[in-house]
Amino acid sequence: MQYVTDISAHKFDDAANLVLSGDRSDFKVVSAVIAGRETSAHGIKALSTDVTGETATVTVGGTVCSGDSANPSASPSCLTNTDPKSKNPVFRVSLEKAPDGRWYVYFPAPVRTSPQQTATSSPSK
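If you're wondering where the values come from, they're calculated on a predicted model, not measured in any experiment.

Caption draft 1: Seen up close, the layout of surface pockets. In this structure, the largest pocket encloses a volume near 890 Å³. Taken together, 30 residues make up the lining of the largest pocket; nearest its centre are Val30, Ile34, Pro89, Val90 and Arg92. Of the residues assigned to the lining of the largest pocket, the class counts are 21 nonpolar, 7 polar and 2 charged.

Here's what the structure looks like:
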């Protein structure tokens with residue numbers, strides 16, 4: 001959970017050390033987006049862990065908030081998760097076991113799924 005805590009506290013150098021070296025360029029993009037925001041995290045804890053071989057997904061619980069640093073008087077937007085089976089990517093951290101035996105954060109490639117077709121029709125007159 002140190003990764004989530006470091007990110008929300010803008011400790012990007014510390015968080016980068018927890019990211020798989022091949023994914024650090026992706027991390028730089030993520031951190032650049034977050035750097036321009038006021039962020040905080042509260043009550044962060046692991047709710048579930050799914051391990052498959054050398055990869056794992058941790059579902060995180062707690063509250064994360066983001067505000068506009070250019071408008072500090074605006075209320076921040078917050079998301080809270082209490083569901084250990086949440087699919088919300090904000091609350092999921094992917095890990096990969098490196099050759100040194102340690103687990104590192106990585107950013108998996110998005111899985112493409114076809115959109116559900118919602119065909120609607122109206123009777124012809």
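Caption draft 2: Focus on helix H3 (residues 24–35). Compared with the 16 Å implied by 1.5 Å per residue over 12 residues, the 16 Å span of H3 between its first and last C-alpha is a close match. Of the residues making up H3, those classed as buried are Phe27, Ser31 and Ile34. Down the axis, H3 shows its buried residues gathered within 60° of arc, on one side only. For H3, the exposed residues lying more than 90 degrees away from the buried face are Lys28, Val29, Ala32 and Val33.

Caption draft 3: Just the nonpolar core, in detail. Counting residues in each nonpolar core, the largest one holds 15 residues, and the members touching the most others are Tyr3, Ile7, Phe27, Val93, Leu95 and Val105. The set of elements that each furnish at least two residues to this core consists of helix H1 (2–8), helix H2 (12–16), H3, strand E2 (55–68) and strand E4 (92–97). The contact partners of Val105, leaving out residues within four places of it in the chain, are Tyr3, Leu18, Val19, Leu20, Val93, Ser94 and Leu95.

Caption draft 4: The arrangement of the packing of aromatic side chains in detail. Summed over all chains, the structure comprises 1 aromatic pair. Ring plane angle 55° and centroid distance 6.3 Å describe the contact between Tyr3 and Phe27, whose orientation is recorded as tilted. Note that Tyr3 is positioned in helix H1 and Phe27 in helix H3, a separation of 24 residues in sequence. Owing to a relative accessible area of 4%, Phe27 belongs among the buried residues under this scheme.

Caption draft 5: Region of the structure containing unusual backbone geometry. Located in the positive-phi region is His10, a residue other than glycine, with phi close to 60°. Along the polypeptide, His10 turns up in the loop between H1 and H2.

Caption draft 6: Quick look at the confidence of the model for the chain. Summarising the model, the chain shows a mean pLDDT of 85, and 84% of its residues fall at 70 or more. Confidence scores differ between elements of the chain, with H1 showing the lowest mean pLDDT of 88 and strand E5 (residues 103–105) the highest of 96. Between residues 117–125, whose pLDDT stays under 50, and residues either more than four places distant or in other chains, the model counts 0 contacts.

Caption draft 7: Representation of the state of the cysteines. As enumerated under the stated definition, the model contains 1 disulfide in all. A disulfide bridge connects Cys65 with Cys78, and the sulfur atoms are separated by 2.1 Å. In this structure, the disulfide formed by Cys65 and Cys78 twists by about 110° around the S-S bond and is classed as right-handed. Of this pair, Cys65 sits in strand E2 while Cys78 sits in strand E3 (residues 77–81), placing them 13 residues apart in sequence. For Cys78, a relative accessible area of 42% gives the class partly exposed.

Caption draft 8: Highlighting the pairing of E4. Bridging between E4 and E5 involves 3 bridges; their strand directions are antiparallel. Residue pairing for E5: Lys97 is matched across the bridge by Trp103. Counting the residues that bridge the hairpin from E4 to E5 gives 5 residues, and of these Gly101 lies at a positive phi of roughly 90°.

Rules of the game
Residues numbered from 1 in each chain as written. Predicted model: local features only at pLDDT ≥ 70, side-chain atom pairs only at ≥ 80, totals over all residues. Heavy atoms only, no water. 1 Å grid on protein atoms, 1.4 Å probe; cavity = no way out; pocket = protein on both sides within 12 Å on 5 of 7 lines; lining within 4 Å. Points joined across faces, edges and corners; volume = space filled by probe spheres on them. Nonpolar A, V, L, I, M, F, W, Y, C, P; charged D, E, K, R; others polar. Helix = DSSP H or I, 4+ residues; strand = E, 2+ residues; numbered from the N terminus. Expected span 1.5 Å × (residues − 1). Buried < 20%, exposed > 50% of the residue type's maximum accessible area, 1.4 Å probe, protein only. Arc of directions from axis to C-beta. Core = buried A, V, L, I, M, F, W, Y, C linked by side-chain atoms within 4.5 Å. Contact = heavy atoms within 4.5 Å. Phe/Tyr/Trp six-rings, centres within 6.5 Å; stacked < 30°, edge-to-face > 60°. pLDDT = per-residue confidence, 0-100. Disulfide = S-S within 2.5 Å. Pairing = 2+ DSSP bridges.

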